[in-house]
Amino acid sequence: MKLLIISAGPGLDEIKSIYGHAIDWISSIINDNSILISTCDIYDNSNFDETAFDAWIITGSAYSVLDSDNWISLLKEKIKYAFNNEIPILGICFGHQIISQALGGEVKKNHLGWELGSNKINFNQNAISNKIFKNIDWDDFFYFSHEDVVVRLPNSAIKLASNEMGLQSYVINDLIYGVQFHPEFTKNIMQKYVDVRFDKGIINEHKQVFESKTSHFVISNFINICKEII
């Protein structure tokens, strides 16, 4: 299987210098020699052949889907292609948001402010029966670092999860998945994000980070779903 990881941002220097990039974290969770992983730094105006890969993962980003950069418009067009040609996608944070917006949903800056650190999620019955959340502990913590939020889903999307900060997950045609949280983060990575954003004055409360023990399964579950389809 040919997997493309689409990087939507370079990562924060303070975190990248210690822990690497989201591409590294995602790849280490997959850890499957049968998966041929390619990457594309689309935020740097790199392009890719949308016909050349069996599945995509779109990372998070410090950029906003509300920005008007050319690469954001390009990625939206490619997402439409994937939707029309039944290419599976997992969108993480920014990826979750841009998929929704590209396919007719709406994203806004959350009036409740930043969701940063570890938090819990309310999963509905659609989530409980969906393979993307296989082996997930419903009472687990999940890692967040975002200010924008999906406020309206595309017509074809089914809501899977939410919490007091807004929508947290959806599925489209059992092929395209969005998760607002970061299944690729570890506790140490999440703690570093909190430290950096607190030191910069982006948040005014230095909250304790609790370990997420099962959220990483979302990535391996997505790979298994793709293997069943392809």
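Note that this is a predicted model, so its numbers are computed, not measured.

Procedures and definitions
Residue numbers run consecutively from 1 along every chain, following the written order of its sequence. At least 70 in pLDDT is required for a residue's local features to be given in this predicted model, at least 80 for side-chain atom pairs to be given and counted, and no such filter applies to totals for whole chains, interfaces and linings, which use all residues. Water and hydrogen atoms play no part in the side-chain values, which are based on all heavy atoms of the structure. With a 1 Å grid spanning the protein atoms alone, the term cavity applies to any set of points in which a 1.4 Å probe fits but cannot get out, the term pocket to an open set with protein on both sides within 12 Å along at least five of seven lines, and the term lining residue to any residue with an atom within 4 Å of a point. Grid points are joined across faces, edges and corners, and a volume is the space filled by probe spheres set on the points. Numbering of helices and strands starts at the N terminus; helices are DSSP runs of H or I of at least 4 residues and strands are runs of E of at least 2. Each residue receives one of three labels: charged for Asp, Glu, Lys and Arg, nonpolar for Ala, Val, Leu, Ile, Met, Phe, Trp, Tyr, Cys and Pro, and polar for the others, Gly being one of them. Helix axes are fitted only over the stretch in contact, all axes being lines through C-alpha atoms; the angle between N-to-C directions runs from 0 to 180 degrees. Angular relationships are summarised with four words: roughly parallel below 35 degrees, roughly antiparallel beyond 145, roughly perpendicular across 65 to 115, and oblique for the angles in between. Each crossing gets its hand from how the near helix is turned against the far one by less than a right angle, where anticlockwise is left-handed and clockwise is right-handed. Contact criterion: two residues are considered in contact whenever any of their non-hydrogen atoms come within 4.5 Å of each other.

Draft legend 1. The arrangement of the layout of surface pockets in detail. If you add up the space inside the largest pocket, you get close to 480 Å³. In terms of lining, the largest pocket is formed by 31 residues, of which the most central are Gly60, Ser61, Ala62, Tyr63 and Arg197. Mapped onto the lining of the largest pocket, the elements with two or more residues apiece are α1 (13-19), α2 (22-30), α4 (94-102), β8 (142-146) and α6 (187-199). Classifying every residue of the lining of the largest pocket by side-chain character gives 13 nonpolar, 12 polar and 6 charged. Considering only enclosed or pocket space, the second largest pocket measures out at about 250 Å³ in volume. What lines the second largest pocket is simply Trp114, Glu115, Leu116, Ser118, Asn119, Met165, Val194, Ile203, Asn204, Glu205 and Lys207. In terms of residues, the lining of the second largest pocket owes the most to one element, strand β6 (residues 115-119), which gives 4 residues. Of the residues assigned to the lining of the second largest pocket, the class counts are 5 nonpolar, 3 polar and 3 charged.

Draft legend 2. Broad picture of the packing of helix α3 (residues 70-84) against α4. Following both chains from N to C, one finds α3 and α4 inclined at 70°, their axes separated by 9 Å at the closest point. In this view, α3 runs roughly perpendicular relative to α4, as classed from their interaxial angle. Regarding α3 and α4, the two cross each other, and that crossing is right-handed. Of the residues in α4, those touching α3 at Trp71, Ile72, Leu75, Lys76, Ile79 and Lys80 are Phe94, Ile98, Ile99, Gln101 and Ala102. Its residues placed into classes, the contact of α3 with α4 shows 8 nonpolar, 1 polar and 2 charged.

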